[in-house]
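# Observations on the model geometry
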Amino acid sequence: MSKVAIYDMKGSEVGKLDVADTLIEKSKGSQAVHDVVVAYLAGRRAGSASTKSKGEVAGSNKKPWQQKGTGRARAGYRQSPVWRGGGVAFGPRPRDYSMKINKGVAKLAFKRAFSDKLVQGKVMILNEIMFTEPKTSLFADLLKSLGIKGPALFVVNEVDRNVALASRNLTDVIIVKADDLNTYHLVRFPVVVLDKSGMEKVKTRLAGDVADDGVKRKAANEA
């Protein structure tokens, strides 16, 4: 049984939250974390880079000059890749970079990534994350009271409008719903701050199946 400190908005410790050992994975899963993060980043790629081949460049089939007698090299058409303005040989074409990740691997990766944060003491829990006004200074004061000086990920059960507006000018702070939390978030941010209800949702995900870890997958029956 692991215990995680619970803080209020002023940074004072107000209790402890128990995390069962069955929700923590320390013996395996490092490769799964790597595979899931690679797949997540690959799925985010647009894959829209495209060039025109010699058959797609506008132009006629007229020879630039006669075959013989000019002393110049033979040329059949101006769309050739060797000509300026011609087609591109072996250039990039639109493609799908997505990778298939099994649900079991995604679940293991999420569990291992969150466990690493717990073991390292990089998980903090707040009673609630709530502001009366949408002011950046209020969020900055919260970070200061918690002793957070670098990038931080805030995980909430439901995103409050004032909290979202107060954080949007802080480039190193991101707020996500507990349902949308994925392995990449846990790897990217050195500190994870959750509200109590968000932590309960994460514990439920750790105990059950992770339905979607943010990885773009292809359906098994895809034609």
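Whatever comes next refers back to the structure up there.
Just so it is clear, the structure is predicted and the values come from calculations on it, not from any experiment.

By the burial criterion, the buried members of helix α3 (residues 136–146) are F139, L142, L143 and L146. Along the axis of α3, the buried residues cluster in a sector spanning 95 degrees; they form a single face. Contacts from the buried residues of α3 go to β1 (2–7), β3 (123–126), β4 (152–156), α4 (161–167), β5 (173–177) and β6 (192–195).

Turning next to the environment of Q31. Position of Q31 among the secondary structure elements: in helix α1 (residues 30–43). For the pair formed by Q31 and R112, sequence separation is 81 residues and the distance between their alpha carbons is 9.9 Å. Here the side chain of Q31 touches D35 through a polar contact of 2.9 Å, side chain to side chain.

All right, on to the packing of α1 against helix α2 (residues 103–119) then. Taken N-terminus to C-terminus, the directions of α1 and α2 make an angle of 110 degrees; their axes are 8 Å apart at the nearest point. Compared by their axis directions, α1 and α2 come out roughly perpendicular. For the pair α1 and α2, the contacting residues are S30, A32, V33 and V36 in the first and V105, A106, L108, A109, R112 and A113 in the second. Of the residues belonging to the contact of α1 with α2, the class tally is eight nonpolar, one polar and one charged.

A few words now on the pairing of β1. By the bridge criterion, six bridges tie β1 to strand β2 (residues 13–19) in an arrangement that is antiparallel. Counterpart to I6 in the pairing with β2 is G15. Counted along the chain from β1 to the antiparallel partner β2, the turn is five residues long, and its residue G11 has a positive phi close to 85 degrees.

Turning our attention to the environment of F154. Residue position: F154 is located in strand β4. Judged by its relative accessible area of 1%, F154 is buried. Note: C-alpha distance between F154 and V193 (39 residues apart in sequence) is 4.7 Å. In this structure F154 touches I129, F139, L142, L143, V173, I174, I175, V176 and V193, once residues within four positions along its chain are discounted.

Our focus in this paragraph is the pattern of salt bridges. Summed over the entire model, instances satisfying the criterion amount to eight salt bridges. One salt bridge connects E56 with R93, and the closest N-O pair in it is separated by 3.1 Å. Of this pair, E56 sits in the loop between α1 and α2 while R93 is found in the loop between α1 and α2, placing the two residues 37 residues apart along the sequence. For E56, a relative accessible area of 40% gives the class partly exposed. Judged by relative accessible area, which is 41%, R93 ranks as partly exposed. The salt bridge involving D179 is made with K201; its shortest N-O contact spans 3.4 Å.

This next bit is on the nonpolar core. Note on soluble globular proteins: their nonpolar side chains tend to be buried together. Residues F114, V155, L181, L194 and V202 are the most contacted members of the largest nonpolar core, which totals 34 residues. Contact partners of L181, with chain neighbours within four places excluded, come to F110, L153, V155, V176, L186, V202 and R205. By size, the runner-up hydrophobic cluster in this structure holds 21 residues, among which are Y7, L126, I129 and A152.

This paragraph deals with the packing of aromatic side chains. Describing an aromatic ring pair means giving the distance of the ring centres and the angle of the ring planes. For the coordinates displayed, the defined rule picks out four aromatic pairs. Aromatic pair Y40 and Y184: ring centres 4.9 Å apart, planes at 25 degrees, arrangement stacked. A residue pair is termed long-range when its members are at least 10 positions apart, and Y40 in helix α1 and Y184 in helix α5 (residues 183–188) qualify at 144 residues. Accessibility assignment for this pair places Y40 and Y184 in one class, buried. Among the aromatic residues, those joined into a ring-pair cluster are F131, F139 and F154. The ring of F110 is capped by R205, whose NZ or CZ atom sits 4.2 Å from the centre of that ring.

Parameters and conventions
- Residues numbered from 1 in each chain as written.
- Predicted model: local features only at pLDDT ≥ 70, side-chain atom pairs only at ≥ 80, totals over all residues.
- Heavy atoms only, no water.
- Buried < 20%, exposed > 50% of the residue type's maximum accessible area, 1.4 Å probe, protein only.
- Helix = DSSP H or I, 4+ residues; strand = E, 2+ residues; numbered from the N terminus.
- Arc of directions from axis to C-beta.
- Contact = heavy atoms within 4.5 Å.
- Polar contact = N/O pair within 3.5 Å; in protein donor to acceptor, adjacent residues only side chain to side chain.
- Axes fitted to C-alpha atoms, helices over the stretch in contact; angles between N-to-C directions.
- Parallel < 35°, antiparallel > 145°, perpendicular 65-115°, else oblique.
- Nonpolar A, V, L, I, M, F, W, Y, C, P; charged D, E, K, R; others polar.
- Pairing = 2+ DSSP bridges.
- Salt bridge = Lys/Arg side-chain N within 4 Å of Asp/Glu carboxyl O.
- Core = buried A, V, L, I, M, F, W, Y, C linked by side-chain atoms within 4.5 Å.
- Phe/Tyr/Trp six-rings, centres within 6.5 Å; stacked < 30°, edge-to-face > 60°.
- Lys NZ or Arg CZ within 6 Å of the ring centre and 35° of its normal.

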